[in-house]
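Structure assessment
This is what each chain is made of:
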Amino acid sequence: MVSATSSGAAGRSVVVAIDGPAGAGKSTVGRAVAARLGLEYLDTGAMYRAVTFAALRRGIDPAEDDVVATLANSVEMSLEDSSVTVDGVDATVEIRGREVTAAVSAVAANGRVRSELVRRQRAWVADHGGGVVEGRDIGSVVFPDATLKLFVTASPRVRAERRVAEIGGDVAEVEASIVERDRKDSTRAESPLTESSDAVVVDTTGLTVDEVVARILELMPA
């Protein structure tokens, strides 16, 4: 285990890439790992949700690829201090709501949107001198040379129970939607959800956040 700063011994930025399916605990774990390592944290899923929120707010169908791609190039978003602002509007709560959740897969499958947001993600890390970055294609596409690559997962039922604890709903229905989201994310043409060949799989089923964080810190290279 190491105590990381923004740059490695050779001046290379420390980047911890955390990928995994919805509800696996990536955000909670990512924030905790970032705090322990003294790094900044970026939830890239919130960026796709921000674009989705912006589209819905303008009455744009998220499946209108060209229109949404143009919007992604111009929308202003800030993801700092656990809050999300979209075009000057606090969307921290709304981006996690059911309407955005139901539509975000279509936006995430848009290749031009992904290209723009990957550009922003890389710029964010350059500006912050490294960081803990989580999403679904971070180790495979965005930062293939990350210091540490993790694939954080959990059983669909546990993930559903966690989501219900956050936003409410019926566990069986939420589990079914999670399974469908997994299918869409793993089969989309653009940057599908997948484990990098050199990623360490961390199954959070039955583990506390502290136990998962301890495991990840032990994996950090010296």
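Residues numbered from 1 in each chain as written. Predicted model: local features only at pLDDT ≥ 70, side-chain atom pairs only at ≥ 80, totals over all residues. Heavy atoms only, no water.

**Details of the nonpolar core**
Core analysis: the largest hydrophobic core is formed by 37 residues, its most contacted members being Val51, Met77, Val86, Val113, Val133 and Phe143. Counting only elements with at least two residues in this core, the list comes to β1 (14-19), α2 (44-57), α3 (65-74), β3 (77-80), β4 (83-86), α4 (98-108), α5 (111-128) and α6 (138-142). Considering each element in turn, this core owes the most residues, eight residues, to α2. Not counting residues within four places of it along the chain, the set of residues in contact with Val86 comprises Ala50, Phe53, Ala54, Val75, Glu76 and Ala91. Judged by nonpolar contacts, the second largest core, of 20 residues, contains Val14, Ala34, Val212 and Met220. (Core = buried A, V, L, I, M, F, W, Y, C linked by side-chain atoms within 4.5 Å. Buried < 20%, exposed > 50% of the residue type's maximum accessible area, 1.4 Å probe, protein only. Helix = DSSP H or I, 4+ residues; strand = E, 2+ residues; numbered from the N terminus. Contact = heavy atoms within 4.5 Å.)

**So, the sheet that holds β1**
Read across the sheet, five strands follow the order β2-β6-β1-β7-β8 without closing on themselves; strand pairing throughout is parallel. Of all strands in the sheet, those with a lone pairing partner are β2 (41-43) and β8 (200-203), marking the two edges. Strand after strand, the sheet turns through a mean of 20 degrees between neighbouring axes, direction not considered. Where β1 meets strand β6 (residues 130-135), six bridges bridge the pair, whose relative direction is parallel. Among the inter-strand pairings, Ile18 is bridged to a residue of β6, identified as Glu134. (Pairing = 2+ DSSP bridges. Axes fitted to C-alpha atoms, helices over the stretch in contact; angles between N-to-C directions.)

**Some points on helix α9 (residues 209-219)**
Each full turn of the α-helix corresponds to 3.6 residues, which orients residues three or four apart in the same direction. If you check which residues of α9 are buried, you get Val212, Val213, Ile216 and Leu217. Taken around the axis of α9, the buried residues stretch over an arc of 135 degrees, which confines them to a single face. Away from its buried face, by an angle of more than 90 degrees, α9 presents the exposed residues Asp210 and Glu218. The inward-facing, buried residues of α9 abut α1 (26-37), β7 (148-153) and β8. (Arc of directions from axis to C-beta.)

**A word on the pattern of salt bridges**
Going through the model one piece at a time under the given rule, you end up with 13 salt bridges. A salt bridge links Asp185 to Arg136, with the nearest nitrogen and oxygen atoms 2.8 Å apart. Within this pair, whereas Asp185 is found in helix α8 (residues 171-187), its partner Arg136 is found in the loop between β6 and α6, the two being separated by 49 residues in sequence. For Arg183, the salt bridge identified is with Glu180, shortest N-O distance 2.6 Å. You can see Arg183 and its partner Glu180 sitting in helix α8, three residues apart, about one turn around the helix. (Salt bridge = Lys/Arg side-chain N within 4 Å of Asp/Glu carboxyl O.)

**Quick notes on the sheet that holds β3**
Strand order in the open sheet formed by three strands is β3-β4-β5, and the pairing between neighbours is antiparallel. Each having just a single partner strand, β3 and β5 (89-90) make up the two edges of the open sheet. In the sheet, β4 pairs with β5 via two bridges, with the strands oriented antiparallel. Of the residues in β5, the one forming a bridge with Val86 is Val89.

**What about the environment of Ile60?**
In this fold, Ile60 is placed in the loop between α2 and α3. In this structure Ile60 comes out as buried when scored by relative accessible area, which is 17%. Through-space distance from the C-alpha of Ile60 to that of Glu80 is 26 Å; in sequence the pair is 20 residues apart.

**Concerning the packing of α2 against α3**
Closest axis-to-axis distance for the α2/α3 pair is 10 Å, and the angle between their directions is 115 degrees. As for how α2 packs across α3, the hand of that crossing is right-handed. Where α2 abuts α3, its residues Val51, Ala54 and Ala55 lie against Val68, Leu71 and Ala72. Taken together, the residues of the contact of α2 with α3 break down into six nonpolar, no polar and no charged. (Left-handed = near helix turned anticlockwise from the far one by under 90°. Nonpolar A, V, L, I, M, F, W, Y, C, P; charged D, E, K, R; others polar.)

**With respect to the pairing of β6**
Burial analysis of β6 places six of its six residues in the buried class, which makes it a mostly covered element. Across the two faces of β6 the burial is the same, with Gly130, Val132 and Glu134 and Gly131, Val133 and Gly135 all buried. Pairing between β2 and β6: three bridges, direction parallel. Counted as the bridge partner of Tyr41 is Val132 from β6.

**Topic: the environment of Arg188**
Residue placement: Arg188 occurs in the loop between α8 and β8. Along the primary structure Arg188 and Ala106 are separated by 82 residues, whereas in three dimensions their C-alpha atoms are 9.6 Å apart. With residues near it in sequence (within four places) discarded, Arg188 still touches Ala108, Ala109, Arg114, Arg136 and Leu193. In terms of polar contacts, Arg188 uses its side chain to reach the side chain of Asp185, at 3.4 Å. (Polar contact = N/O pair within 3.5 Å; in protein donor to acceptor, adjacent residues only side chain to side chain.)

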